[in-house]
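# Overview (structure and organization)
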Amino acid sequence: MTPETVERAIEALLFAADGPLSASEIAYRLPEGADVGKALASLRARYAGRGVSLEIINDRWQFRTAADLGYLMVEEREEPRRLSKAALETLAIIAYHQPVTRAEIEAVRGVGLSRGTLDVLHEMNLIKLRGRRRTPGRPVTYGTTDYFLEQFSLPSLADLPGAAEMRAAGLLDINVPADFMVPDPASGQTAEDPLLLEEMEETEFAQDFFEKE
């Protein structure tokens, strides 16, 4: 093989390979006597300053995008984040029962609330800390955000689906009690005090959020 033919063969091998190749791996595929070292050096010089360059890393050769053009290969896109079943149930309870405390959320769900569930909902800006319930212990209350309304295309909380809409969508068992009523979050039936800014870091939620495992 002529030096030019050896270069072309190595060029083809490197472009087609699914990973870097060592000089011995390249030589194994070429006729005996091919000067692989000289051809690699020549190829490297020929590709210098081009959009791709021939690089050697840990004694293995590979064509790589020129370092100054790497930004062209970066694609930024927003990945939709899916909520777990527990997070969706928690969000629904907060939406319909707000202002609601953690203990009340657990009472409605019938199971304990995992530490990260509220963190995720807060991180996605779907819920917020509302205030403190005017009851012993002054527990923190939760509510939904304006972003929650935007995400679910709701003009206001009053536009949350009622029993009829849920039944039509198959979300309610047709055999629910006749006196069943969907909670009205706009009723404001429980008294609470606004949460002061300096209290934010002292709340149970803030501690959970900033001390994730």
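Note that the coordinates shown come from a computational prediction; the quantities given were computed from them, not determined experimentally.

### Topic: the pattern of salt bridges
All told, the structure shown has 6 salt bridges when counted by the stated rule. As a salt-bridge pair, R46 and E7 come within 3.1 Å of each other at their nearest N and O atoms. You can see R46 sitting in helix α3 (residues 36-47) and its partner E7 sitting in helix α1 (residues 3-16), a full 39 residues away along the chain. Classification of R46 as partly exposed rests on a relative accessible area of 40%. Across the salt bridge formed by R109 and E89, the nearest N and O atoms sit 2.9 Å from each other. Residue R109 is located in helix α5 (residues 102-109), and its partner E89 is located in helix α4 (residues 85-97); the two are separated by 20 residues in the primary sequence.

### Let's talk about the sheet that holds strand β4 (residues 100-101)
Read from one edge of the open sheet, 4 strands run β4-β6-β5-β7, paired in antiparallel fashion. Strands with a single pairing partner mark the edges of an open sheet, and in this sheet they are β4 and β7 (192-194). The sheet contact formed by β4 and strand β6 (residues 140-144) spans 2 bridges and is antiparallel. Its bridge partner lying in β6, V100 is registered against Y142. Most of the contacts of α4 go to β6, to which it runs at about 95°, and overall it touches β4, β5 (127-133) and β6.

### Some thoughts on α3
With 12 residues, α3 extends 16 Å from end C-alpha to end C-alpha; this agrees with the ideal 16 Å at 1.5 Å per step. Buried within α3 we find V36, A39, L40, L43 and Y47. The arc that holds every buried residue of α3, seen down its axis, measures 100°, which confines them to one face. Summarising the geometry of α3, the exposed residues directed more than 90 degrees from the buried face are K38 and A45. Residues of α3 that are buried sit in contact with α1, α2 (23-28), β2 (52-57) and β3 (60-65). Of the residues trailing α3, G49 is marked for its positive phi of about 85°.

### Digging into the environment of R102
Within the secondary structure, R102 is located in helix α5. A polar side-chain atom of R102 sits 3.0 Å from the main-chain carbonyl oxygen of L113.

### Notes on the packing of aromatic side chains
Per the stated rule, a full pass over the model turns up 3 aromatic pairs. Among the aromatic side chains, those forming a connected cluster through ring pairs are F15, Y47 and F63.

### Description of the packing of α4 against α5
Between α4 and α5, the least distance of the axes is 10 Å, while the angle of their chain directions is 115°. As the angle between them shows, α4 and α5 are arranged roughly perpendicular. As for the relative orientation of α4 and α5, their crossing is right-handed in sense. The segment α4 lies against α5, with A86, E89, T90, I93, I94 and H97 engaging I105, V108 and R109. Looking at side-chain class alone, the contact of α4 with α5 contains 5 nonpolar, 2 polar and 2 charged residues.

### With respect to the sheet that holds strand β1 (residues 21-22)
In space, the 3 strands of this open sheet follow the order β1-β3-β2, with antiparallel pairing throughout. A single partner strand is all that each edge strand has here, and the edge strands are β1 and β2. Lying over the sheet, α1 contacts β1, β2 and β3, oriented at roughly 70° with respect to β3. Packed onto the sheet, α3 meets β2 and β3 and runs at close to 140° relative to β2.

The rules behind the values
- Residues numbered from 1 in each chain as written.
- Predicted model: local features only at pLDDT ≥ 70, side-chain atom pairs only at ≥ 80, totals over all residues.
- Heavy atoms only, no water.
- Salt bridge = Lys/Arg side-chain N within 4 Å of Asp/Glu carboxyl O.
- Helix = DSSP H or I, 4+ residues; strand = E, 2+ residues; numbered from the N terminus.
- Buried < 20%, exposed > 50% of the residue type's maximum accessible area, 1.4 Å probe, protein only.
- Pairing = 2+ DSSP bridges.
- Contact = heavy atoms within 4.5 Å.
- Axes fitted to C-alpha atoms, helices over the stretch in contact; angles between N-to-C directions.
- Expected span 1.5 Å × (residues − 1).
- Arc of directions from axis to C-beta.
- Polar contact = N/O pair within 3.5 Å; in protein donor to acceptor, adjacent residues only side chain to side chain.
- Phe/Tyr/Trp six-rings, centres within 6.5 Å; stacked < 30°, edge-to-face > 60°.
- Parallel < 35°, antiparallel > 145°, perpendicular 65-115°, else oblique.
- Left-handed = near helix turned anticlockwise from the far one by under 90°.
- Nonpolar A, V, L, I, M, F, W, Y, C, P; charged D, E, K, R; others polar.

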